[in-house]
Amino acid sequence: MASDGRRQQARALVTPADFIDRHPGELLGRLQQLVGVPTVNPPGENYDQITRWLTHELEALGLETRRFAIPAAKARAVLPAAQHAYPRFNVLAKLRVPGAKKTIHFNAHYDVVPVSGRWRHESPFSGAIAGGWIYGRGTADMKGSIASLLTAVRALRVTRATPRMNLEISFTADEETDSALGAGWLVANAPISPDYAVVMEGGEGGTVCCGHNGTLWLEVTVHGRPAHGSTPEKGVNALEKMSALILAFEDYKRDLARRTWKSPEGKTHRPTVNLGGEFGCGAGAKINTVPAHASFTIDRRVLPEENHPAAERELRAFLARAARQIPRCRITVRKISENYSCFSEPTDPFFGAMARCVTRVRKQPTRFNVSTGFNDMHFFSHHLKIPTLGYGPGGIHCHAVDERAKVKELLASAKIYAELLTTFAG
Ligand SMILES: [Zn+2]
């Protein structure tokens, strides 16, 4: 009896954080499993396999879990033809907590970008561990977040710690392309009703993300008139017109650089434009032909305080005006895609609670940032209009050779998620 009592007491003394620290192999093993399934997007490989595994894991943790297959017809309507053979899935899990009034939603994407180059360890999908880092495609972006969260939930379960809010977890597809069938599909179609959301990337270390820039991606085609290369005066050279148009952008860039916005951490942000990430000539280009077509892309980053449709109108008006001022310059503009910016004031108690958790676990002050790149936060913040933050273990060399995550950060994130779940009631 006495020894049983002591054992029970010893068990009760173990907190979720203790459990996470004492069992790093749990987290790392999960991450190796995840990295070992190459969910490369595009095209979107092995989604079936990884979502089956995730569903199984979530069910084993006691969550009511559903896997949603995107109907083939819907996928075909959204995806380019080369991706039609790759089915899309999203996973949603729920834990109802008796007496809890609010619901928190954790989201991560499980797709990864393609690999190239020579990696330090034999395969980018091996999950090799060396020098306090775990290597592999997806370790930093963002399968490490998935492993951290699963480990946090397992730690709560093992130590019998109760979350103070109902819990929703989604693992979604396609963030590396446009999320239309992933988080975009989820917020529009899945049975979710969160009051708060944590997208598990965007902020890391001592920094919690409270918003990100939007994007507006356009393609401009300049239409000239072909002629024989030996008589260029008989044609209209689309490349030369495009060059003049590109030079006209200097005014627009100067104008953008004058607009400033201060983020909560006091950093000055400016809207930006990147020209010609992709550019080229049309079909029929030949060294002895006057180019009839030239095209370039525009990547306009929209600040949280800017009005997105107004930014688009302004850019299109600028293009039309600039083209009019160049003799015989005819253009067409096509929208490739767009993502809205998002921003939640970190004065909301949710952010204060998260900052306290980060500070408690990491023993350092917490800052709030606004990310210049985008992630899936805007689906929750902009579409569902709920306080949304970005935080995860992160890592280095995302989208590059030798992508890796720090073991210490993975464990810290798991502890922070567990801390948030057991301290914040909404
Ligand atoms: Zn990501």
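Because the structure is predicted, anything quoted here is derived from the model rather than measured.

(A) Highlighting the overall build of the chain. Along the chain, the regular secondary structure elements total twelve helices and 18 strands. Summarising its shape, the C-alpha atoms of the chain cover approximately 100 × 45 × 45 Å along the three principal directions. Here the chain holds 426 residues, and 53% of them are scored as buried. About 19,300 Å² of surface is accessible on the chain, with carbon and sulfur atoms providing 52% of the total. Taking the average location of the 54 positive side-chain charges in the chain and that of its 41 negative ones, the two points are 1 Å from each other.

(B) Just the coordination of the zinc ion, in detail. All of the protein donors around the zinc ion are H109 (NE2), D141 (OD), E201 (OE) and E201 (OE); their distances to the metal are 1.9 to 2.7 Å. Around the zinc ion, the four donor atoms sit at angles spanning 51 to 146°, and that spread fits a shape best called irregular. Read in sequence order, the donor residues for the zinc ion give the motif H-x31-D-x59-E. Of this pair, H109 sits in strand β3 (residues 103-109) while D141 sits in helix α6 (residues 139-158), and the two are 32 residues apart along the sequence. For the pair H109 and D141, one class covers both residues: buried.

(C) Representation of the pattern of salt bridges in the model. On inspection of all chains with the given rule, the structure shows 25 salt bridges. For D251, the salt bridge is made with R254, and the minimal N-O distance between the two is 2.8 Å. Placement of both D251 and R254 in helix α8 (residues 238-258) is noted, with a separation of three residues, approximately one turn of the helix. A relative accessible area of 51% places D251 in the exposed class. A salt bridge links R362 to E409; the shortest N-O distance between them is 2.6 Å. On the criterion of sequence distance, the pair formed by R362 in helix α10 (residues 349-362) and E409 in helix α12 (residues 407-423) is long-range, its members being 47 residues apart. Note on E409: relative accessible area 18%, which makes it buried. Through salt bridges with shared partners, a single network forms among D255, R259, R300, E306 and E314.

(D) Structural context of the packing of α6 against α12. At a minimum axis separation of 8 Å, α6 and α12 run at an interaxial angle of 50°. Taken together, the axes of α6 and α12 lie oblique to each other. For α6 against α12, the interelement crossing comes out right-handed. Each of G144, S145, S148, L149, A152 and L156 in α6 lies in contact with α12, whose residues at this interface are L410, S413, A414, Y417, A418, L421 and T422. Partitioning the contact of α6 with α12 into residue classes produces eight nonpolar, five polar and no charged.

(E) Representation of the nonpolar core in the model. In terms of nonpolar packing, the biggest core is built from 67 residues, with I104, F106, F171 and L420 touching the most fellow members. Sequence-distant contacts of L420, that is, excluding residues within four places in its chain, are made with I104, F106, V198, F350, A353, M354 and C357. L218, F249, L275 and L319 belong to the second largest nonpolar core, which has 23 residues in total.

(F) Just the sheet that holds strand β18 (residues 404-406), in detail. With antiparallel pairing, the three strands of this open sheet are ordered in space as β4-β5-β18. The sheet is open, and its two borders are formed by β4 (129-130) and β18, each paired with just one other strand. With two bridges connecting them, β4 and strand β5 (residues 133-135) associate as antiparallel partners. The residue bridging A130 from the neighbouring strand is W133, located in β5. Each of β5 and β18 is contacted by α12, which is oriented at about 65° to β18, the strand it contacts most.

Scoring rules and cut-offs
Residues numbered from 1 in each chain as written. Predicted model: local features only at pLDDT ≥ 70, side-chain atom pairs only at ≥ 80, totals over all residues. Heavy atoms only, no water. Helix = DSSP H or I, 4+ residues; strand = E, 2+ residues; numbered from the N terminus. Buried < 20%, exposed > 50% of the residue type's maximum accessible area, 1.4 Å probe, protein only. Areas by Shrake-Rupley, 256 points an atom, 1.4 Å probe, with all protein chains shown as cover. Lys, Arg positive; Asp, Glu negative; His and termini not counted. Charge placed at Lys NZ, Arg CZ, Asp CG, Glu CD. Donors = N, O, S within 2.8 Å, 3.2 Å for Na, K, Ca; no water. Tetrahedral: all angles 85-135°; square planar, octahedral: opposite > 155°, others 65-115°. Salt bridge = Lys/Arg side-chain N within 4 Å of Asp/Glu carboxyl O. Axes fitted to C-alpha atoms, helices over the stretch in contact; angles between N-to-C directions. Parallel < 35°, antiparallel > 145°, perpendicular 65-115°, else oblique. Left-handed = near helix turned anticlockwise from the far one by under 90°. Contact = heavy atoms within 4.5 Å. Nonpolar A, V, L, I, M, F, W, Y, C, P; charged D, E, K, R; others polar. Core = buried A, V, L, I, M, F, W, Y, C linked by side-chain atoms within 4.5 Å. Pairing = 2+ DSSP bridges.

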